[in-house]
Amino acid sequence: MSDSNQKQDNSPEETKKDANKEQKSVEQLEHHIEDLSDRLLRTMAENENMRKRYEKQLDDMRDYSISNFAKDLISVVDNLERALKFVPESISPEHKSLLSGVELTLKELAGIFHKNGIEAIEPHAGDKFDYNLHFAISKVESEEHNPDTIVGLMQVGYKIKDRLLRPAAVSVAKARE
């Protein structure tokens, strides 16, 4: 008997068994495909999340990489401002050119700070004290200012984008006792 005759001679039970085996095999393959599709989708989502995380890290590095350098320059700005603050009223012409050089240097630094997203924090008297941006040096009794408002600025603060480089040093009003 040939093979083709044997296949035709299968009993209905054997045909049913073969069909069940094929059905199980198809179900297993479908389950395997479903599992692989799920794993593929999860891997793609994980890769997308990782890509976004790395992009954020790169943006942060780009934005904040100059933070330490900016902190160092803040003291230079402070010194230049102090130099301009204590200029005598009568000054010789030679010193006037030196003074204008200091003013130009300070202006140039302010431009560089602005270009790099570094902002001064200069609260005014009466502004609400914000512990995220200000550092209270002292509390003083005040009748003209509400409690927890700024009375005076002692030292300008700075931030780069949304990150604080140095808080503004202030004196804060407290209620009279």
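Scroll up a little and you will see the structure.
About the thresholds
- Residues numbered from 1 in each chain as written.
- Predicted model: local features only at pLDDT ≥ 70, side-chain atom pairs only at ≥ 80, totals over all residues.
- Heavy atoms only, no water.
- Patch = residues over 30% accessible without salt bridge, like charges linked within 9 Å, V, L, I, M, F, W, Y side chains within 5 Å.
- Areas by Shrake-Rupley, 256 points an atom, 1.4 Å probe, with all protein chains shown as cover.
- Salt bridge = Lys/Arg side-chain N within 4 Å of Asp/Glu carboxyl O.
- Lys, Arg positive; Asp, Glu negative; His and termini not counted.
- Charge placed at Lys NZ, Arg CZ, Asp CG, Glu CD.
- Buried < 20%, exposed > 50% of the residue type's maximum accessible area, 1.4 Å probe, protein only.
- Helix = DSSP H or I, 4+ residues; strand = E, 2+ residues; numbered from the N terminus.
- Contact = heavy atoms within 4.5 Å.
- Axes fitted to C-alpha atoms, helices over the stretch in contact; angles between N-to-C directions.
- Left-handed = near helix turned anticlockwise from the far one by under 90°.
- Nonpolar A, V, L, I, M, F, W, Y, C, P; charged D, E, K, R; others polar.

1. Focus: a negative patch on the surface
- Taken together, the side chains of Glu13, Glu14, Asp18 and Glu22 define an acidic patch exposed on the protein surface.
- Residue classification places Glu14 among the partly exposed positions, given a relative accessible area of 41%.

2. Thoughts on the environment of Val102
- Looking at the secondary structure, you find Val102 in helix H4 (residues 93–115).
- Sequence separation between Val102 and Asp162 is 60 residues; the distance between their C-alpha atoms is 29 Å.
- Those residues within four positions of Val102 in sequence are excluded, and the remaining contacts are Leu80 and Leu84.

3. Here's the deal with unusual backbone geometry
- With phi around 65°, Asp148 is a residue other than glycine that occupies positive phi space.
- With respect to the helices and strands, Asp148 occurs in the loop between strand S2 (134–141) and strand S3 (150–155).
- We classify Asp148 as partly exposed; its relative accessible area is 35%.
- The backbone of Lys161 shows a phi angle near 55°, a positive value even though the residue is not glycine.
- Along the polypeptide, Lys161 turns up in the loop between strand S4 (157–160) and strand S5 (163–166).
- Judged by its relative accessible area of 39%, Lys161 is partly exposed.

4. Notes on the packing of helix H3 (residues 67–85) against H4
- Look at H3 against H4: their axes get within 10 Å of each other, and the N-to-C directions meet at 145°. The two elements H3 and H4 meet at a crossing, and its hand is left-handed. Contact with H3, carried on its side by Ala70, Leu73, Ile74, Val76, Val77, Leu80, Glu81 and Leu84, involves Leu99, Val102, Glu103, Thr105, Leu106, Leu109 and Phe113 of H4 and no other residues of that element.
- The residue makeup of the contact of H3 with H4, split by class, is twelve nonpolar, one polar and two charged.

5. A closer look at a nonpolar patch on the surface
- On the surface, Leu40, Leu41 and Met44 cluster together into a nonpolar patch covering about 320 Å² of accessible area.
- Residue placement: Leu41 occurs in helix H2 (residues 12–64).
- Among the residues examined, Leu41 registers a relative accessible area of 56% and is labelled exposed.

6. Overview of the pattern of salt bridges
- Considering all chains together, one arrives at eight salt bridges under this definition.
- A salt bridge links Glu48 to Arg51; its shortest N-O distance comes to 2.4 Å. With Glu48 and Arg51 both in helix H2, this residue pair falls three residues apart, about one helical turn.
- Look at Glu48 and you get partly exposed, because its relative accessible area is 32%.
- Salt-bridge contacts for Arg166 lead to Asp78; the nearest nitrogen and oxygen are separated by 2.6 Å. Highlighted residues: Arg166 in strand S5 and Asp78 in helix H3, separated in sequence by 88 residues. Residues Arg166 and Asp78 agree in their burial class; the two are buried.
- Put simply, Glu48, Arg51 and Glu55 are held in one network by salt bridges that share partners.

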